[in-house]
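The lines below spell out each chain.
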Amino acid sequence: MQVEVCVQDGSEESTEAGSSGDEFAVSVAIDPVITTETWERWFQDWLEALQPTFSPIDAYELSLRLTDDREIQQLNQQYRQQDKPTDVLAFAALESLYPEPDELQATLPLYLGDIVISIDTAQRQAEGQQHPLNVELAWLASHGLLHLLGWDHPDEDSLTRMLKQQQDLLEIVGLHSKTR
């Protein structure tokens, strides 16, 4: 399986290399640093475990944006009509009404969509859960990935199944969080 992840850090507007949205190591108050390579490995491991069958060539692509409460609040307002920050948003490309032509599906990775995580909210939640920020970020990224693959939690039973799956995904990459 092939997985491509584009990691963007929009939480700090600075003149540092990478602030234009290019791929680079994510180091905003994260200890240890979560590099682009780590994110790619985690998503690779998670997709191998989940075994989606959407791509005929078993190749996937997604975007991960790490941002702040201000930007995620704007997105939450624009797309969900909720004028408040949230921890993670997922924009699934598979919900599109325009399927790709067969010849493209046979040669290019299938674009799953975008995951946006607020580092500000993740930090507060990590402190509340008493685990490191990298565990919270992985928790939120796995939640976003499940949404990109069509998972949802409109009721308690589906939420319980989704949270269990997230716990399993974290364990696959050697991380542990307290059960929520």
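Refer to the preceding data block for the structure.
Enquirer: Whenever I open this one, the overall build of the protein confuses me. Can you help?
Expert: Each helix and strand in the protein was counted, giving 6 helices and 4 strands. Starting at the N terminus and ending at the C terminus, the protein contains elements arranged as β-α-β-α-β-α-β-α-α-α. In the protein, which comprises 180 residues, the proportion classed as buried is 44%. Restricting to contacts in the protein with at least 6 residues of sequence separation, those with at least 24 account for 67%. Carbon and sulfur atoms provide 48% of the accessible area of the protein, an area that totals close to 9500 Å².

Enquirer: Sorry if this is basic, but what is going on with the sheet that holds strand β3 (residues 88-92) here?
Expert: Within a beta sheet, neighbouring strands are joined by backbone hydrogen bonds and run either parallel or antiparallel to one another. If you walk across this open sheet you meet the 4 strands as β1-β2-β4-β3, and the pairing is mixed. The strands lining the two open edges of the sheet, one partner per strand, are β1 (2-9) and β3. Across this sheet, the average inter-strand angle for adjacent strands is 15°, counted without regard to direction. This element, helix α1 (residues 36-50), spans β1, β2 (59-67) and β4 (110-118) of the sheet and lies at about 140° to β1. Strands β2, β3 and β4 of the sheet are contacted by helix α5 (residues 133-148), whose axis makes an angle of about 145° with β4.

Enquirer: Help me out: how do you make sense of the nonpolar core in this one?
Expert: Note on soluble globular proteins: their nonpolar side chains tend to be buried together. Trp-39, Phe-43, Trp-46, Ile-117 and Leu-145 are the most contacted members of the largest nonpolar core, which has 39 residues in total. Elements with a contribution of two residues or more to this core: β1, α1, β2, β3, β4, α4 (119-129), α5 and α6 (156-172). Ranked by residue count, the leading element in this core is α5, at 10 residues.

Enquirer: Please explain the environment of Arg-70 as it appears in this structure.
Expert: Among the secondary structure elements, Arg-70 is positioned in helix α2 (residues 69-80). Taking C-alpha positions, Arg-70 is 7.0 Å from Pro-85, a pair spaced 15 residues apart along the chain.

Enquirer: Sorry if this is basic, but what is going on with the pattern of salt bridges here?
Expert: For side chains of opposite charge, pairing can occur when their charged atoms come near one another. Tallied over the entire structure, the rule returns 3 salt bridges. Note that Asp-69 and Arg-124 form a salt bridge whose closest N and O atoms lie 2.9 Å from each other. Here Asp-69, found in helix α2, pairs with Arg-124, found in helix α4; they are 55 residues apart in sequence, far enough to count as distant. Look at Asp-69 and you get buried, because its relative accessible area is 13%. By relative accessible area, Arg-124 is classed as partly exposed at 46%.

Enquirer: Explain the packing of α4 against α5 here, please?
Expert: Packed helix pairs are specified by the crossing angle of their axes together with the interaxial distance, meaning the distance between the axes. Packing of α4 against α5 leaves a shortest axis separation of 8 Å and a crossing angle of 115°. Judged by the angle between their axes, α4 and α5 are roughly perpendicular. When you trace α4 past α5, the crossing you get is right-handed. Facing Ile-119, Ala-122, Gln-123, Gln-125, Ala-126 and Gln-129 of α4, the residues of α5 in contact are Leu-133, Glu-136, Leu-137 and Leu-140. By residue class, the composition of the contact of α4 with α5 is 6 nonpolar, 3 polar and 1 charged.

Enquirer: Help me out: how do you make sense of the environment of Ala-93 in this one?
Expert: With respect to the element layout, Ala-93 can be found in the loop between β3 and α3 (102-105). The class for Ala-93 is partly exposed, based on a relative accessible area of 27%. The sequence separation of Ala-93 and Tyr-111 amounts to 18 residues, and the corresponding C-alpha distance is 6.5 Å. Those residues in contact with Ala-93 that lie beyond four places of it in its chain are Tyr-111, Leu-112 and Gly-113.

The rules behind each value
- Residues numbered from 1 in each chain as written.
- Predicted model: local features only at pLDDT ≥ 70, side-chain atom pairs only at ≥ 80, totals over all residues.
- Heavy atoms only, no water.
- Helix = DSSP H or I, 4+ residues; strand = E, 2+ residues; numbered from the N terminus.
- Buried < 20%, exposed > 50% of the residue type's maximum accessible area, 1.4 Å probe, protein only.
- Contact = heavy atoms within 4.5 Å.
- Areas by Shrake-Rupley, 256 points an atom, 1.4 Å probe, with all protein chains shown as cover.
- Pairing = 2+ DSSP bridges.
- Axes fitted to C-alpha atoms, helices over the stretch in contact; angles between N-to-C directions.
- Core = buried A, V, L, I, M, F, W, Y, C linked by side-chain atoms within 4.5 Å.
- Salt bridge = Lys/Arg side-chain N within 4 Å of Asp/Glu carboxyl O.
- Parallel < 35°, antiparallel > 145°, perpendicular 65-115°, else oblique.
- Left-handed = near helix turned anticlockwise from the far one by under 90°.
- Nonpolar A, V, L, I, M, F, W, Y, C, P; charged D, E, K, R; others polar.

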